[in-house]
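Residues per chain, in single letters:
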Amino acid sequence: MTENTLEELDGSFANQILETVDTLVVILNRHGEIVFFNRACQLLTGFNAGEALGRKVWDFLILDEEIDAVRGAFEALNAENTPSHFINYWKTKDGAPRIIEWSNNTLKDEDGAIAYILGTGVDITESKSKEAALYESKSFLRAIVGASPVAIITSNEKGTILSFSRKAEAIFGFKENEALGQNLTLIIPEPDRLRHDQYLNHYLETGERRIMGKARQVTAVKKSGERFPVVIHVNEFHDGVRVFVGFIEDLSEQKVTERRLEDVKNQLQHIGRIGAMGEIAATIAHELNQPLTAAASLAGAVSLTLRKVEFPQRDDAISHLNETVSEIRRASEIIRQMRDFMRKRKTAKSLHDVNHVVEEAIAIALIGAEAGGVHVTTDLGANVGEASLDRIQIQQVVINLIRNSIDAMQDAEKKHLAISTAKKSRFIEIKISDTGHGLSDDVKKRLFEPFFTTKEEGMGIGLSISKSIIDAHQGEITAIEKESPGVIFSIKLPVGGHDKAAKSQ
Ligand SMILES: Nc1ncnc2c1ncn2[C@@H]1O[C@H](COP(=O)(O)OP(=O)(O)OP(=O)(O)O)[C@@H](O)[C@H]1O
Ligand SMILES: [Mg+2]
């Protein structure tokens, strides 16, 4: 308050008027410091003049979140010399917020330069609450109806259209004024058109709810005559008279989306199947290789033994045995090549956001599965980040594990499937936990064996495929027992996907 005080107003008549009016009057100097704070301001805020003068309004009267806006308004006034209107909160001495509508202007000195900023304000806290109450009114309702993404049509008992929402205009092609006063049959195609009146009469006479209160899929007709599928949900209410309200959703777009989703699903299953076949072939190759190697070395050993004994056609026998060994080796070699070929062809690793990959897999697994009654929760860790992986293959693994869990919980009382991801120091862990029947000791030992299954319709390849996929990612897949019923399957993928980090942890 060094320069720019209001000495010239002090004690003046104008000053007395400003003091006595009910309007809030506050005057700031060009630095934003309060130089005048009338009685109305003091009564409202609980700060007396001595407490307010010389301080900046935003230092004690403004809510934190509005400080920048208030300073901005002050600076604009200070620079541009324009009157402004502004609504903001003031907080009183005991912290209560009041809504004030301000009308601001500048006061100039004799040279026409801005000397002060004058704010006159009205406390509109109470009338704002009244506005809030008005929200309940019909105009608010109309606004909601107008904003509804579902078409809303109301009619009276005779089927005469009373209201026709904006979305109804959009999907049926009739303007509101074309539809109002018309019968609902306007949007109902033959043959239902005839039946509609009968339905309505039947309901009015008997109260029997055939369509009332239920969502039904029916065919509707546009102004252009085009028929299209809709879901309609009809209810009634009383507004002096009986009013029917129909909520109508255009299904044509949804049908297209559904069809597209179905295509994607088929494609994925196809890719999954090709992947699975490759994996089965690789697994068989691996499994066959061992007995073939054993057979070759046994035959070799027999051939060596034969050399030590004398009997007729010994040389023939030895030569046949040697051929046997070389045929077995050839078969092994073919199988080895086939396995290498399958392996090479299938891996297409690149960096992927692990959470994203898992989320997609969950969605796919739950589309196809009879997830009836299963409560699914996910806890995808923040900062899990990326790993180098073959997206389809890893999704295959997650889907296999989810399906197994759902199978295992079929008869369980509590069905809870929990899927989580977390980043550990050098690997990313995906966990799938269920509350199913768990693993017996025998099953635990043979879990990852190809063709091991305990299910009537199982092939027993889900986990062996999963294991070979995770092995190809230098990762690790394990089953962890839980204290409560169920199993947790854990997949560890190395961060970056190149080192053996997951194995060593
Ligand atoms: N979450 C689980 N809870 C309990 N047992 C499980 C679980 N996951 C797998 N198993 C057991 O491991 C066996 C092998 O599972 P795997 O996925 O390899 O084959 P499957 O599910 O029987 O058949 P499919 O080839 O169709 O997947 C299952 O039959 C089941 O006994
Ligand atoms: Mg399975």
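A. Looking closely at the environment of lysine 214. Within the element layout of this structure, lysine 214 appears in the loop between helix 10 (192-206) and strand 8 (215-221). Sequence separation of lysine 214 and isoleucine 232 is 18 residues, and the distance between their C-alpha atoms is 8.1 Å.

B. Main features of the site of ligand 1. Surrounding ligand 1, one finds 21 residues, the nearest of these being Asn404, Thr453, Thr454, Lys455 and Leu463. One nitrogen or oxygen atom from the side chain of asparagine 404 is found 2.8 Å from an oxygen atom belonging to ligand 1. In the environment of ligand 1, an oxygen atom lies 2.9 Å from a nitrogen or oxygen atom belonging to the backbone of isoleucine 461. Out of a free accessible area of 590 Å², ligand 1 has 90% covered by protein chains. Going through the elements one at a time, helix 14 (391-408), helix 16 (462-472) and strand 17 (487-494) are the ones with two or more residues in the shell around ligand 1. Considering every element that reaches the shell around ligand 1, the biggest residue donor is helix 14, with 3 residues. Across the shell around ligand 1, the residue classes break down as 10 nonpolar, 9 polar and 2 charged.

C. Main features of the sheet that holds strand 12 (residues 375-380). Here we have 5 strands laid out as an open sheet, ordered 12-14-15-17-16, and mixed in their pairing. Of all strands in the sheet, those with a lone pairing partner are strand 12 and strand 16 (476-481), marking the two edges. In this sheet, adjacent strand axes meet at a mean angle of 15° when their direction is disregarded. In the sheet, strand 12 pairs with strand 14 (residues 416-423) via 6 bridges, with the strands oriented parallel. Counterpart to histidine 375 in the pairing with strand 14 is histidine 416.

D. Molecular detail of the packing of helix 14 against helix 16. Taken N-terminus to C-terminus, the directions of helix 14 and helix 16 make an angle of 145°; their axes are 9 Å apart at the nearest point. Helix 14 and helix 16 meet at a crossing whose hand is left-handed. Along the contact surface, helix 14 presents Gln393, Ile394, Gln396, Val397, Asn400, Leu401 and Asn404, while helix 16 presents Gly462, Leu463, Ser466, Ile469 and Ile470. Its residues assigned to classes, the contact of helix 14 with helix 16 comprises 6 nonpolar, 6 polar and no charged.

E. Geometry of helix 16. Those residues of helix 16 not exposed but buried are Leu463, Ser464, Ile465, Ser466, Ser468, Ile469 and Ile470. Downstream of helix 16 by one or two residues, glutamine 474 has phi in the positive range, about 55°.

F. Representation of the confidence of the model for the protein within the structure. Here the protein shows a mean pLDDT of 83. Residues at 70 or above account for 85%. Taken as a whole, residues 497-505 scores under 50 in pLDDT and shows 24 contacts with residues more than four places along the chain or in a different chain.

G. Quick look at the sheet that holds strand 5 (residues 114-123). With antiparallel pairing, the 5 strands of this open sheet are ordered in space as 2-1-5-4-3. This sheet does not close on itself; its edge strands, each paired only once, are strand 2 (34-37) and strand 3 (84-91). For this sheet the average axis-to-axis angle between neighbouring strands, irrespective of direction, equals 30°.

H. Representation of the pattern of salt bridges. All chains considered together, the criterion is met by 15 salt bridges. Among the salt bridges present, the one from lysine 93 reaches glutamate 51, with a minimum N-O distance of 2.5 Å. Here lysine 93 is found in the loop between strand 3 and strand 4 (97-108), whereas its partner glutamate 51 is found in helix 3 (residues 49-52), with 42 residues between them in sequence. In this structure, lysine 455 engages aspartate 407 in a salt bridge whose closest nitrogen and oxygen atoms are separated by 2.9 Å. Highlighted residues: lysine 455 in the loop between helix 15 (441-446) and helix 16 and aspartate 407 in helix 14, separated in sequence by 48 residues. Judged by relative accessible area, aspartate 407 falls into the partly exposed class, the value being 35%. Sharing partners across several salt bridges, the network here consists of Arg98, Asp123 and Glu126.

What counts, and where the lines are drawn
- Residues numbered from 1 in each chain as written.
- Chains lettered and ligands numbered in written order.
- Predicted model: local features only at pLDDT ≥ 70, side-chain atom pairs only at ≥ 80, totals over all residues.
- Heavy atoms only, no water.
- Helix = DSSP H or I, 4+ residues; strand = E, 2+ residues; numbered from the N terminus.
- Near = heavy atom within 4 Å.
- Polar contact = N/O pair within 3.5 Å; in protein donor to acceptor, adjacent residues only side chain to side chain.
- Areas by Shrake-Rupley, 256 points an atom, 1.4 Å probe, with all protein chains shown as cover.
- Nonpolar A, V, L, I, M, F, W, Y, C, P; charged D, E, K, R; others polar.
- Pairing = 2+ DSSP bridges.
- Axes fitted to C-alpha atoms, helices over the stretch in contact; angles between N-to-C directions.
- Left-handed = near helix turned anticlockwise from the far one by under 90°.
- Contact = heavy atoms within 4.5 Å.
- Buried < 20%, exposed > 50% of the residue type's maximum accessible area, 1.4 Å probe, protein only.
- pLDDT = per-residue confidence, 0-100.
- Salt bridge = Lys/Arg side-chain N within 4 Å of Asp/Glu carboxyl O.

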